[in-house]
Amino acid sequence: MNHIIGSKSATATPAVKWLWVDEESAGQRLDNFLMRHLKGVPKTHVYRIIRSGEVRINKGRASAETRVETGDEVRLPPVRVSDKVAEKAARPAPGREFPVLLEDDSLMAIDKPAGVAVHGGSGVSFGVIEQLRQARPQAKLLELVHRLDRDTSGILLVAKKRSALKHLQDQFRERETGKTYLALVKGDWPAKLKVIDQPLHKFLLPDGERRVRVTTPEDPDGMRSITLVKVSQRLPGATLLEVTIKTGRTHQIRVHLASQGHPIAGDDKYGDFDWNRQLQKPGANPGLKRMFLHAWRLQFNHPVTAERVALQADLPPELKAYVDHAQRKTPPV
C-alpha cells in the first residue's frame, strides 16, 4: 500500500490525503477500509465525511457500503488526528519478533509470552501486533486472527493476507478450530466434571474495567459458553487440566473454572488471592509469579490448502519448572 497518512503532527494543518488500494484490501467496504487508515478518528466522523461526499473513489462519490477494488484511488479530506494518536505515531512500538511455530505466505503462528498484550489499548500503548509490524516494515499485512489475554501464553495466529484473515476468522466463528489450553487449578478437580455449559455475562466495574460472570440461561445478556475439561495430572493441592473451549468468550476458561470452586493459579481477577500469594513465595518451590494458563494446542484448516494443521506450544520454562517441582513432591501411587 503506497499511502501517506498522518505524516504531519496534530498541530499542523491537515491536508488532503490519497490512498491507493492494493490486492490485499480489494473487496473491503469503504468504511472498513477507511477505519484501518484513520486510527484515532471517531467512527461517527468517518461516516460523516463519507455521507458528505468528501471521500471520493476515482474522483466519484461513494457510499459506506461501496467495495474498493485493486488500483482504486481514494481521496481523504483533511482530517485532524488527536494529539494522543499523533504522539503514539511519533513514538512507535519497539520492533520485536516472537518464537515462530509455523509461517508461510498466508499466516504465521507464534508462541506468545505471558505479560504481553496482543494489541495496544486499555492502558497498554502497544502489544504483539504493533511490535511485529514494527519489526517487519516490509510486510503488506499483519492482522490478529484471534486474541489471548495478556497474562496467557501460547499459540497466537497472525494473518499475512486479508483472504487468510477472513478464512481463519470464519473458522473460529463457526467453531471449526480446536483450541486446548493447559491450566493449573486449585484443589482436586472432580473426575466426573468434564463439561461446563454455563452462559457468561460481561459487565464493567465502576472504574470501567471489564469483568465476566456466570449467569442463568434466562439472562438476555448471557452468551452460551461451553468448556470441556480433562484431568492431565493431579498435584499436591492442585490439578493440571487440559481445557478445550467450544466457544471463545472473554475470560471463558478463567470464569468457568473458578465458578466450580477451582480457580486458576495466579489469576489476579477471578482467582483465590490468598493462594496466589502463597504460590508466589520463594522457597522450596520455584515460585509462580504469573497466571498458569497456556494456549497449548490449536487445530485449524489451512486457508489455502484446506489441510488440517495441528500446532503445539510446550509449557514455557517458568510453568514447567513449577509442575516438575510439584511432581517431585507427589507421593507414589
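Quantities reported herein were computed from a predicted structural model and do not represent experimental measurements.

A. A look at helix 8 (residues 317-329). Between its first and last C-alpha, helix 8 extends 19 Å over 13 residues, near the 18 Å set by a 1.5 Å rise per residue. Restricting attention to buried positions, one finds in helix 8 the residues Leu 319, Tyr 322, Val 323, His 325 and Ala 326. Considered in projection along helix 8, the buried side chains sweep an arc of 160 degrees and stay on one side of the axis. With respect to the buried face of helix 8, the exposed residues turned more than 90 degrees away are Pro 317 and Arg 328. Turning to helix 8, the residues buried within the fold contact strand 8 (153-159), strand 9 (178-186), strand 13 (226-235), helix 7 (273-280) and strand 15 (293-301).

B. Highlighting the packing of aromatic side chains. One pass over the full model with this rule turns up zero aromatic pairs. One Lys or Arg, Arg 211, reaches over the ring of Tyr 270 and ends 5.9 Å from the middle of that ring. If you follow Arg 297 out to its NZ or CZ, it ends over the ring of Trp 296, 3.8 Å from the centre.

C. Expanded view of the pairing of strand 13. Relative to strand 13, strand 10 (residues 195-197) runs antiparallel, the two being bridged by three bridges. For Ile 196, the partnering residue across the bridge sits in strand 13 and is Thr 227. Judged from the eight bridges that link them, strand 13 and strand 14 (residues 238-245) form a sheet pairing that is antiparallel. Its bridge partner being in strand 14, Val 231 is matched across the sheet by Leu 241. Count of turn residues in the strand 13/strand 14 antiparallel hairpin: two residues, of which Gly 237 carries a positive phi of about 75 degrees.

D. Summary view of the nonpolar core. Membership of the largest hydrophobic core comes to 28 residues, with the highest contact counts inside it found for Leu 132, Ile 253, Leu 257 and Ile 264. Secondary structure elements with two or more residues in this core: strand 6 (107-112), helix 4 (128-135), strand 8, strand 9, strand 14, helix 6 (252-259) and strand 15. With sequence-adjacent residues up to four places away left out, Ile 253 is seen in contact with Tyr 181, Val 243, Ile 245, Ile 264 and Leu 293. Val 21, Val 46, Ala 62 and Val 79 belong to the second largest nonpolar core, which has 19 residues in total.

E. Structural context of the pattern of salt bridges. Evaluation of the coordinates by the stated rule reveals 18 salt bridges. Here Glu 143 makes a salt bridge to Arg 133, at a shortest N to O gap of 3.2 Å. Placement of the pair is Glu 143 in strand 7 (residues 143-144) and Arg 133 in helix 4, with a sequence separation of 10 residues. A relative accessible area of 34% means that Arg 133 is categorised as partly exposed. A salt bridge links Asp 324 to Lys 320; the nearest nitrogen and oxygen atoms lie 2.9 Å apart.

F. Here's a closer look at empty space enclosed by the protein. For the structure shown, the criterion picks out one cavity of 30 Å³ or more. Estimated volume of the largest cavity: approximately 60 Å³. Taken together, His 146, Leu 148, Ile 155, Lys 179, Thr 180, Tyr 181, Ala 295, Trp 296, Arg 297 and Leu 298 form the lining of the largest cavity. Contributing elements (two or more residues each) for the lining of the largest cavity: strand 9 and strand 15. By residue number, the principal contributor to the lining of the largest cavity is strand 15, which donates four residues. Partitioned by chemical class, the residues of the lining of the largest cavity number six nonpolar, two polar and two charged.

G. Representation of the side chain of Arg 162 within the structure. Note that Arg 162 resides in helix 5 (residues 162-173). No salt bridge is formed by the buried Arg 162. Its closest oppositely charged neighbour is Glu 143, at 4.1 Å. In contact with Arg 162, other than residues within four places in its own chain, are Glu 24, Ser 25, Gln 28, Arg 36, Leu 141 and Glu 143.

H. The arrangement of unusual backbone geometry in detail. Even without being a glycine, Asn 58 presents a positive backbone phi close to 50 degrees. Within the fold, Asn 58 resides in the loop between strand 2 (56-57) and strand 3 (60-61). Taking relative accessible area as the criterion, Asn 58 reaches 44% and is therefore assigned partly exposed. At His 251, a position not held by glycine, the phi torsion is positive, near 55 degrees. You can see His 251 is positioned in the loop between strand 14 and helix 6.

Rules and cut-offs
Residues numbered from 1 in each chain as written. Predicted model: local features only at pLDDT ≥ 70, side-chain atom pairs only at ≥ 80, totals over all residues. Heavy atoms only, no water. Helix = DSSP H or I, 4+ residues; strand = E, 2+ residues; numbered from the N terminus. Expected span 1.5 Å × (residues − 1). Buried < 20%, exposed > 50% of the residue type's maximum accessible area, 1.4 Å probe, protein only. Arc of directions from axis to C-beta. Contact = heavy atoms within 4.5 Å. Phe/Tyr/Trp six-rings, centres within 6.5 Å; stacked < 30°, edge-to-face > 60°. Lys NZ or Arg CZ within 6 Å of the ring centre and 35° of its normal. Pairing = 2+ DSSP bridges. Core = buried A, V, L, I, M, F, W, Y, C linked by side-chain atoms within 4.5 Å. Salt bridge = Lys/Arg side-chain N within 4 Å of Asp/Glu carboxyl O. 1 Å grid on protein atoms, 1.4 Å probe; cavity = no way out; pocket = protein on both sides within 12 Å on 5 of 7 lines; lining within 4 Å. Points joined across faces, edges and corners; volume = space filled by probe spheres on them. Nonpolar A, V, L, I, M, F, W, Y, C, P; charged D, E, K, R; others polar. Lys, Arg positive; Asp, Glu negative; His and termini not counted.

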